[in-house]
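# Architecture at a glance
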Amino acid sequence: MSGASDVIIVGGGLMGSSAALFLRGHGLSVTLLETDLIGRQASGTNFGNVRRQGRPIHQLPLANRAIAIWRQSRELLGADVEYLQSGHIRVCYRERPELVGSMEEYAANARAEGLELELLSGNALRDQFPFFGPDVLAGSYSATDGHANPRLAAPAFARAAARLGAVIHENTKIVDAQKVGEDFIVTAADGRTFRAPILLITAGAWGNALSSQFGEPVPIVPKGPNMSVTEPIPYSILPAVGVMTPLEEETVYFRQVARGNIVLGGSTRGPSFPDQYRAYVEPQNTLSQLKHIRRLAPQLGKLNIIRVWSGIEGYMPDSQPVMGPSATTSGLYYAFGFSGSGFQIGPGVGETMAEIIAKGATDIPIQPYRIERFATPS
Amino acid sequence: MVEPRIIIVGAGPAGTRAAEACVQAGIRPIVLDEGRRDGGQIYRRQPDNFTRPYAKLYGSEAGRAQALHETFDGLKGKIDYRPEALVWNIAGGQVWTASQTYQDALPYDALLLCTGATDRLMPVKGWQFAGSYSLGGAQVGLKSQAVSIGHKVVFMGSGPLLYLVACQYVEAGAQVVAVLDTAPYSARIKALPDLLAVPSVLWNGVALTMKLKRAGVAVYNGIKPLEINGNAAEGVSGIRFRTGAGVEQQIACDAVAMGHHLRPETQLADLARCAFTFDPVTRQWLPERDGDGRSSVAGTYLAGDGAKILGARSAEASGRLGALAALADLGLPVDKGEMASLRGDVGTYAKFARGLAKAFPWPSEQASQLPDDALLCRCEGVTAGDLRAVMRETGAQEANRAKAFSRVGMGRCQGRYCGLAAAELIAAEADIPVEQVGRLRGQAPVKPLTIAIGDDQ
């Protein structure tokens, strides 16, 4: 037996790393197991939106909990994860005027959950943010959203957890997990085993491989984000910007980091291969992204992209994560399948899972994320 | 039978000879090249309206340059030649190109990557000041536009290019203040047995040194660079170094050309998903290939200095050999005897290249000795101290991990210029072998790609 602890966490992304940190805050001993290195896939390769607007209304309490953590991240983590509360704008195009109504309705519902949004006409937007193109009809501005650096976030949470005593094993691929008596026995590919009465699965696109071992398979689909970055230009674009549209191809977004580079994301997602630990950016997806970026902000056409990237993300059919206790096995918990939308809520997920594990309950509504929704009637 | 589609990337010595072999086999290959004219770097052609003679431009290699250019000129009309085409990605069995904003995706049956080389650079404190060039950059200015990089120029680094470009500057009438070679003279003596594999090239090198001496250029061996003096507003003002005897010296100049031999441009092989292995002689990761140039990926072939630095003469041989291998694999008749003879040629140059690596060793220890305030990654403004601090804070010891945390190698060159030095610094700090640091994963686009791509299509 390599190690025994109160909790084993399988999966060292943002969810697992932040859960480890908050579990230590509750005084529980934690072993965090990661196949590769902390935060290398979905957590480290996503766009970096710290965005509440646009999330389902039922998710806003979780998002609010998370934003409070982002705001104190520097003190909490002892590291700068480049969190900037510089605003977020969601826009729609002239050909879809009906979306303005959706934005208004969303803003009213969001206000009840404590998220203030300001609706602006296209011209008002262009006065304030001259980079928007003529096709932009209207936008919804959230002054209290922003962005952070995904490459830095999860590793910073993991280091903070380790400083508080969490035991972290990288390069530890888990091949088997089962409950024997009161304890879970988790076995790594190299034969090491770990034991704990509580097991938290935060394994992203690999989540199903573990939940299946407890009779709870889920229809998760691996994909990869379609990301690019430009050469640096003087820092001038404060908010993160995204398009509201029913078409995946048109769904592009961008943000400028303080160093000056503009990160571009969206349009068609690429394939990813969890078994081979690889994700690829398809060239046609890069071209499609750049085309739609030009429509959103034509001036960006004067810049060059210098790099593209992707990673392995797990998508659920309803785009909602699996989060909460197992329906089959006591002591087993899940938080995975965040469907390309987990970065902002990540630290809130970690804190909430720690709360559920340590106290047995939470006020945060997580009912929509229960794993039973995928159970096949027997 | 439908004519197989062969794509050759690069129109230097390897690409030209590969295209010639295809045409001789009755195939019309597509030749994609980033340059405005063929010739590649070493045999770079001057603009159409320039009239400098071959002897003046290429010195001892004038005959080879002229032969290569004439071959390429003779191929026009028989090949689908696309100059000024950047190959920005290879994926899905297609080569993705960009020419200004025009984009294309070209399928292929066989792909020959003849991507050439760039300078291998060792950062020096102050190398970001205007007036700091790579040796290759200094040579481009001279060959293409007949301009010098400065009024008083210092050449620093090691390798054959150091002496060649310094001589070319002397012949062009530029003021070469000094040649500072980091390699000790004794290394050259030790390398002689290998260098004698190609005596004529060895003799060319000796002649260059003599020419510099005759011109009164101060040549220092076994030096250690300390700093390029200057400031952001006015650029380079001098250079500070320690002589082989350990004496600190300062030389005034307004331009420095630096480099430590060359490194292959392997990003396209990486995007084509070719396997790489670590080469302990050059301390670089190189794409795997068999003796004929077949990579680990079926249908993808590697030739010339883009696969391994063996020089221009070898590139002509490996370019032709790679094309013959591709033709043979496509079921076309090829002369097996010729292939065997070309293999022998490439082997000879491989021995010579080993000699060069010994004579002009990569001064890996200089990376670990870089002061904290020296810029390591110029694109992203990361200093040696920044990288060391990130390593201490995060424990990162792998190239891509260090890049993710510190931005080293994350900028527009994607680590092509700082990556090798950064790996040496990481290895020294972590006290691990440099191969354990790994190599930076290549990502598209291999060079900056305009967001306006495809706008007018």
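Residues numbered from 1 in each chain as written. Chains lettered and ligands numbered in written order. Predicted model: local features only at pLDDT ≥ 70, side-chain atom pairs only at ≥ 80, totals over all residues.

## So, the pairing of strand S10 (residues 152–158) of chain B
Residues and elements named next belong to chain B. With six of its seven residues buried, S10 lies for the most part within the structure. As defined by bridge partners, S10 adjoins strand S11 (residues 175–181) across six bridges and the pair is classed as parallel. Across the sheet, valine 154 pairs through a bridge with alanine 178, a residue of S11. Once you follow S10 into helix H5 (residues 160–171) and on to S11, the crossover reads as right-handed. (Buried ≥ 20, exposed ≤ 12 C-beta atoms within 10 Å, placed from the backbone. Helix = DSSP H or I, 4+ residues; strand = E, 2+ residues; numbered from the N terminus. Pairing = 2+ DSSP bridges. Right-handed = clockwise from strand over helix to strand, strands pointing away.)

## Some remarks on helix H9 (residues 283–296) of chain A
Residue and element names in this part refer to chain A. Helix length check: H9, at 14 residues, gives a terminal C-alpha distance of 20 Å against a target of 20 Å (1.5 Å per residue), a fit within 8%. The buried fraction of H9 amounts to 11 of the 14 residues, a majority that puts the element mostly inside the structure. Where H9 is concerned, the buried positions are Pro283, Asn285, Thr286, Leu287, Ser288, Gln289, Leu290, Lys291, His292, Ile293 and Leu296. (Expected span 1.5 Å × (residues − 1).)

## Details of the sheet that holds strand S20 (residues 278–279) of chain A
Residues and elements named next belong to chain A. Across the sheet, which stays open at both edges, the four strands sit in the order S20-S19-S14-S22 with antiparallel pairing between neighbours. Edge strands, defined here as strands with exactly one partner in the open sheet, are S20 and strand S22 (313–315). The pairing of strand S14 (residues 221–224) with S22 spans three bridges and is antiparallel. What sits directly across from proline 222, in S22, is glycine 314.

## Examining the pairing of strand S16 (residues 240–243) of chain A
Every regular strand shows the same layout, with side chains that alternate between the two sheet faces. All names here are of chain A. Covered by surrounding structure in S16 are Ala240 and Gly242 together with Val241 and Val243, the residues of both alternating faces. Here four bridges tie strand S5 (residues 88–93) to S16, and the two strands are oriented parallel to one another. Within the sheet, the bridge partner assigned to arginine 90 lies in S16 and is glycine 242.

## Brief notes about the nonpolar core
In globular proteins that are soluble, nonpolar side chains generally tend to be buried together. The biggest cluster of nonpolar side chains holds 262 residues, and the ones touching the most others in it are Leu200(A), Leu112(B), Val153(B), Ala166(B), Ala257(B) and Leu376(B). For this core, the two domains that each supply at least three residues are domain 1 (3–47 + 150–218 + 319–374) and domain 2 (85–145 + 222–315) of chain A. Dropping the residues within four chain positions of it, Leu376(B) is found in contact with Pro123(B), Leu370(B), Val382(B), Thr383(B), Ala384(B), Leu387(B), Val408(B), Cys418(B), Ala421(B), Ala422(B) and Leu425(B). (Core = buried A, V, L, I, M, F, W, Y, C linked by C-beta atoms within 7 Å. Domains from an automatic or database assignment. Contact = placed C-beta atoms within 7 Å.)

## Here we look at the domain arrangement of chain A
Residue and element names in this part refer to chain A. The assigned domain composition of chain A is domain 1 (3–47 + 150–218 + 319–374) and domain 2 (85–145 + 222–315). For domain 1 and domain 2, the distance between their C-alpha centres works out to 29 Å. The interface is formed by 15 residues belonging to domain 1 together with 15 residues belonging to domain 2.

## A word on the environment of Val31(B)
Residue and element names in this part refer to chain B. Note that valine 31 resides in strand S2 (residues 30–32). The exposure class assigned to valine 31 is buried, which follows from the 28 C-beta atoms found within 10 Å. Measuring from C-alpha to C-alpha, the distance between valine 31 and alanine 428 comes to 42 Å, with 397 residues separating the pair along the chain. Those residues within four positions of valine 31 in sequence are excluded, and the remaining contacts are Ile8, Ala11, Gly15, Ala19, Ile79, Asp80, Tyr81 and Arg82.

## Let's talk about the sheet that holds strand S14 (residues 235–242) of chain B
Residues and elements named next belong to chain B. Taken together, three strands build an open sheet; the order of strands is S13-S14-S15 and the sheet is antiparallel. In the strand order of this sheet, the two ends are held by strand S13 (224–231) and strand S15 (248–252), each with one partner. Along the sheet, successive strands turn relative to each other by an average axial angle of 25°, direction set aside. Pairing analysis gives seven bridges linking S13 to S14, with the strands arranged antiparallel. Bridge pairing in S14 places asparagine 229 opposite glycine 238. (Axes fitted to C-alpha atoms, helices over the stretch in contact; angles between N-to-C directions.)

## Digging into the interface of chain B and chain A
Taken together, the contacts link 24 residues of chain B with 26 residues of chain A. Top element by residues in the side of chain B that touches chain A is helix H13 (residues 399–406) of chain B. It accounts for three residues. Of the residues contributing to the side of chain B that touches chain A, the split by class is 12 nonpolar, nine polar and three charged. Bridge analysis of strand S21 (residues 304–309) of chain A against strand S23 (residues 449–450) of chain B gives two bridges, and the strand direction is antiparallel. (Nonpolar A, V, L, I, M, F, W, Y, C, P; charged D, E, K, R; others polar.)

## Structural notes on unusual backbone geometry
Cis geometry marks the peptide bond from Ala444(B) to Pro445(B), where omega comes out at -15°. Within the secondary structure layout, Pro445(B) lies in the loop between helix H15 (434–437) and S23. With a phi close to 55°, Ser339(A) is a non-glycine residue in the positive phi region. Counting through the fold element by element, Ser339(A) comes out in the loop between strand S24 (332–336) and helix H10 (346–359). The exposure class assigned to Ser339(A) is buried, which follows from the 20 C-beta atoms found within 10 Å.

## Focus on the packing of helix H9 (residues 312–329) of chain B against helix H10 (residues 336–359) of chain B
Between two packed helices, both the angle of their axes relative to each other and the distance between the axes serve to describe the pair. Residues and elements named next belong to chain B. Packing of H9 against H10 brings their axes to within 9 Å, and their N-to-C directions diverge by 145°. Seen along the crossing, H9 lies across H10 with a hand that is left-handed. Side by side, H9 and H10 meet where Arg313, Ser314, Ala317, Ser318, Arg320, Leu321 and Leu324 of the first sit next to Glu338, Met339, Leu342, Arg343, Asp345, Val346 and Tyr349 of the second. Split by residue class, the contact of H9 with H10 holds seven nonpolar, two polar and five charged. (Left-handed = near helix turned anticlockwise from the far one by under 90°.)

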